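# Commentary on secondary and tertiary structure
Spelled out from the first residue to the last, the chains are:
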Amino acid sequence: MEQIVSAGIIDSYFRKLKESLSVDVAIVGGGPSGLVAAYYLAKNGIKVSLYERKLAPGGGMWGGAMMFNEIVVQQEAIHILNEFGIDYKPYTDVYYTIDSVHATSALIYHATKAGVKIFNCISIEDVVFHNNKVCGLVINWAPVHREHLHVDPLVIMAKAVIDGTGHDCEVARTVERKNNIRLNTETGAVMGERSMSVEEAERTTIENTKEIFPGLFVTGMASNGVSGSYRMGPIFGGMLLSGEKVARLIAAQL
Ligand code: 48F
């Protein structure tokens, strides 16, 4: 009995991992923007895997604001809440409040149900760079990084990579730092995030959602971080719309 339980887990995990060695789209970060992008891509029949270094995907959405577990979403993103079957309550005529645990779990549920393979506890430490194009991810167990263990990684090949790592825009920073290249930003570099300006930030999150280097796209807060725009705090419409947009851009290219 004990052996069957262990063998079942090992066999099915390694099957999943092996089937994901080459995917259409590899997403770094399981925050709201990454999860929404993953869902729409998978719904379109595109093969997607998502890597999250924490135990639970969901990023900064679980905690609402200051651990008050409610978030705000504006009118423009309501169609995405409806798509995911997320309940919301009107607060004004254009802003809605939502239980953040309900919303986050719905994003995860529907992404996996649509066929996205989520790998948690895995950290992206680098990309694969061929012929001046990003074409995969270098992955390792998150605890390997946390413990500073000297252990070599494995590689996932992908036609497109999405940096959904939030405020730190980790993938974009790594690509820029290591490869002596210019990104598709005003300065050619990762410009870094500015202070809080809610309305402006919500708008630019969507504008800045784009391909910043061949094979590398940005979504969510990483879009604003890369392009030097503002942060917005616990309003999440921009994150959801950015995920929807990056999925559309990639689907059109594949
Ligand atoms: O930060 P996060 O939620 O990204 P997002 O989708 O949403 C931002 C909002 O939560 C909030 C905000 C909104 O109003 O400003 O901050 O842009 O999720 C990013 C996820 O990426 C993971 C990280 O643990 C988090 O769950 N992550 C970051 N770097 C790596 C990573 C990495 N190198 N490898 C794997 N996962």
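Residues numbered from 1 in each chain as written. Predicted model: local features only at pLDDT ≥ 70, side-chain atom pairs only at ≥ 80, totals over all residues. Heavy atoms only, no water.

### Describing the overall build of the protein
Which entries qualify depends on this criterion: Only DSSP runs of H or I with at least four residues qualify as helices, and only runs of E with at least two residues qualify as strands; both kinds are numbered from the N terminus onward. Restricting the calculation to C-alpha atoms gives the radius of gyration, and the globule rule supplies 2.2 Å times the number of residues raised to the power 0.38. Here's how the labels work: a residue is buried when its accessible area is under 20% of the maximum for its type, exposed when over 50%, partly exposed in between, all with a 1.4 Å probe on protein chains only. Only heavy atoms enter the contact rule, under which two residues are in contact if any of them lie within 4.5 Å. Here, Shrake-Rupley sampling with a 1.4 Å probe gives the accessible areas, and only protein chains in the shown set may cover a residue.
Helix and strand counts for the protein stand at nine helices and 11 strands. Here the C-alpha atoms of the protein give a radius of gyration of 18 Å, agreeing with the 18 Å that 2.2 N^0.38 yields for 254 residues. Structurally, the protein occupies a C-alpha span of about 55 × 50 × 35 Å along its principal axes. By the burial criterion, 49% of the 254 residues in the protein qualify as buried. A separation threshold of at least 6 residues defines the contact pool for the protein, and within that pool the share at least 24 residues apart is 65%. With the model as given, the accessible surface of the protein reaches about 12,600 Å², and the carbon-plus-sulfur share is 55%.

### Overview of the layout of surface pockets
Our working rule: Two kinds of site are reported from a 1 Å grid over the protein atoms alone, namely cavities, where a 1.4 Å probe fits but cannot get out, and pockets, open sets with protein on both sides within 12 Å along at least five of seven lines, and residues are called lining when an atom falls within 4 Å of a point. Grid points are joined across faces, edges and corners, and a volume is the space filled by probe spheres set on the points. Nonpolar residues are Ala, Val, Leu, Ile, Met, Phe, Trp, Tyr, Cys and Pro. Charged residues are Asp, Glu, Lys and Arg, and all others, Gly as well, are polar.
There is about 710 Å³ of room inside the largest pocket. What lines the largest pocket is a set of 34 residues, and nearest its centre among them are Gly59, Gly60, Thr165, Gly166 and His167. Going through the elements one at a time, helix H2 (32-43), strand E2 (48-52), strand E7 (122-130) and helix H6 (170-179) are the ones with two or more residues in the lining of the largest pocket. Take the lining of the largest pocket: its biggest share by element is three residues, from E7. Among the residues making up the lining of the largest pocket, the classes are represented as 13 nonpolar, 15 polar and six charged. Lining the second largest pocket are Gln74, Glu76, Tyr95, Val198, Glu199, Glu202, Arg203, Ile206, Ile235, Gly238 and Leu241. Residue assignment for the lining of the second largest pocket shows that the elements contributing at least two residues are helix H7 (198-207) and helix H9 (237-253). At five residues, the largest contribution of residues to the lining of the second largest pocket is made by H7. Along the lines of polarity and charge, the residues of the lining of the second largest pocket split into five nonpolar, two polar and four charged.

### Side note on H9
This is how the line gets drawn: Here the expected length of a helix is defined as 1.5 Å per residue gap, with one fewer gap than residues.
With 17 residues, H9 should cover 24 Å at 1.5 Å per step; its first-to-last C-alpha distance of 25 Å lies within 8% of that length. Along H9, the residues classified as buried are Gly237, Gly238, Met239, Leu240, Leu241, Ser242, Gly243, Glu244, Lys245, Val246, Ala247 and Ile250.

### Remarks on the side chain of Asp24
Keep this limit in mind: Here a polar contact is taken to be a pair of N or O atoms separated by no more than 3.5 Å, where protein atoms must pair a possible hydrogen donor with a possible acceptor and residues adjacent in sequence count only if both atoms sit in side chains.
As for its placement among the helices and strands, Asp24 is situated in strand E1 (residues 22-28). Judged by relative accessible area, which is 15%, Asp24 ranks as buried. Within the structure, Asp24 has its side chain in polar contact with the backbone nitrogen of Lys47 (distance 2.8 Å). Side-chain polar atoms of Asp24 contact the side chain of Lys159, separated by 2.8 Å.

### Here's the deal with the pairing of E2
Condition: Clockwise travel from the first strand over the helix to the second, with the strands pointing away from the viewer, marks a crossover as right-handed. Strands qualify as paired when DSSP identifies two bridges or more between them.
Most of E2 is tucked away: five of the five residues are buried. Along E2, one buried face is formed by Val48, Leu50 and Glu52 and the opposite face, lined by Ser49 and Tyr51, is buried too. Following the backbone out of E1, through H2 and into the adjacent parallel E2, one traces a crossover that is right-handed. Judged from the four bridges that link them, E2 and strand E6 (residues 117-120) form a sheet pairing that is parallel. Bridge pairing links Ser49 to Lys117 in E6.

### Examining the packing of aromatic side chains
Stated formally: Between 30 and 60 degrees the pair is tilted, below 30 it is stacked and above 60 it is edge-to-face, where a pair is any two Phe, Tyr or Trp rings, Trp via its six-membered ring, whose centres lie within 6.5 Å. Note on geometry: a ring has a charge over it if NZ (lysine) or CZ (arginine) is within 6 Å of the ring centre and within 35 degrees of the ring normal.
In total, this model carries nine aromatic pairs according to the counting rule given. Considering the side-chain rings of Tyr13 and Phe14, the 5.6 Å spacing of their centres and the 85° angle between planes classify their relative orientation as edge-to-face. Taking the relative accessible area as the measure of exposure, Tyr13 reaches 22% and is therefore partly exposed. Relative to Phe119, the ring of Tyr51 lies with its centre 5.5 Å away and its plane at 10°, an arrangement referred to as stacked. Of the two residues, Tyr51 is situated in strand E2 and Phe119 in strand E6; the sequence distance between them amounts to 68 residues. You'll find Tyr51 and Phe119 in the same group, each marked buried. The ring of Phe119 carries the charged tip of Lys16 above its face, separated from the ring centre by 6.0 Å.

### Concerning the pattern of salt bridges
Note the cut-off: Should a side-chain nitrogen of Lys or Arg be within 4 Å of a carboxyl oxygen of Asp or Glu, the pair is scored as a salt bridge.
Applying the stated criterion across every chain, the model contains six salt bridges. Measuring nitrogen to oxygen at the nearest pair gives 2.8 Å for the salt bridge that ties Glu83 to Lys43. Of this pair, Glu83 sits in helix H3 (residues 78-83) while Lys43 sits in helix H2; the two residues are 40 residues apart in sequence, bridging distant segments of the chain. For the salt bridge of Arg53 with Glu170, the shortest nitrogen-to-oxygen distance reads 3.0 Å. With Arg53 in the loop between E2 and strand E3 (70-74) and Glu170 in helix H6, this residue pair connects regions lying 117 residues apart in the sequence.

Read these as geometric descriptors, not functional statements.
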